[in-house]
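Listed here are the chains, written in short residue letters.
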Amino acid sequence: DACELFPPGFAANAAVLGALATSPGCAIFSDALNHASIVDGARLAAKGAGAALHIYRHNDLAHLERLLSASAAPRKLIVSDSVFSMDGDAADAAGLAALRDRHGALLVLDEAHAT
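Right, let's walk through the structure included here.

What counts as what
- Residues numbered from 1 in each chain as written.
- Predicted model: local features only at pLDDT ≥ 70, side-chain atom pairs only at ≥ 80, totals over all residues.
- Heavy atoms only, no water.
- Buried < 20%, exposed > 50% of the residue type's maximum accessible area, 1.4 Å probe, protein only.
- Helix = DSSP H or I, 4+ residues; strand = E, 2+ residues; numbered from the N terminus.
- Pairing = 2+ DSSP bridges.
- Right-handed = clockwise from strand over helix to strand, strands pointing away.
- Lys, Arg positive; Asp, Glu negative; His and termini not counted.
- Salt bridge = Lys/Arg side-chain N within 4 Å of Asp/Glu carboxyl O.
- Polar contact = N/O pair within 3.5 Å; in protein donor to acceptor, adjacent residues only side chain to side chain.
- Contact = heavy atoms within 4.5 Å.

As for the pairing of strand β1 (residues 26–31)
Then, in step 1: Of all 6 residues in β1, 6 are buried; the element is thus mostly enclosed.
Then, in step 2: Alternating positions in β1 separate into two faces, C26, I28 and S30 on one and A27, F29 and D31 on the other, with burial throughout.
Then, in step 3: Summarising the sheet, β1 and strand β2 (residues 52–56) pair through 5 bridges and their orientation is parallel. Residue S30 lies in a different strand from β2, and its bridge partner there is I55.
Then, in step 4: Note that the unit made of β1, helix α2 (residues 36–49) and β2 has a crossover that is right-handed.

Laid out in structure tokens, this is it:
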């Protein structure tokens, strides 16, 4: 009762992002090198809710900061892989959390490639 389990990553990302991005008043901010399942989940969530979808340059927190600052959306959702599957580099989770706090955003980190 305390969690939801989704076997494939696509189902997890579509369900979680769809549940969090529920209206045109939401803006989704996605790393440019996120896994395809996150990309698809973000696109489906944005289209279904009429939400804005913003892609920030890979691991570029300054670019993400500018996009967050420019957005007037009352609900902001930052989504990123924690470890990127193609390059094996890691997101700056502490930096993302700081931006989440500064902008009152939600943060979703996909841990699929972290183990």
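Some words on the side chain of D31
Then, in step 1: Looking at the secondary structure, you find D31 in strand β1.
Then, in step 2: Although D31 is buried, it makes no salt bridge; R57 carries the closest opposite charge, 10 Å away.
Then, in step 3: Separated by 2.9 Å, the side chain of D31 and the backbone nitrogen of N59 make a polar contact.
Then, in step 4: When near neighbours in sequence (up to four residues on either side) are disregarded, D31 contacts I55, Y56, R57, H58, N59, V79, S80 and F84.

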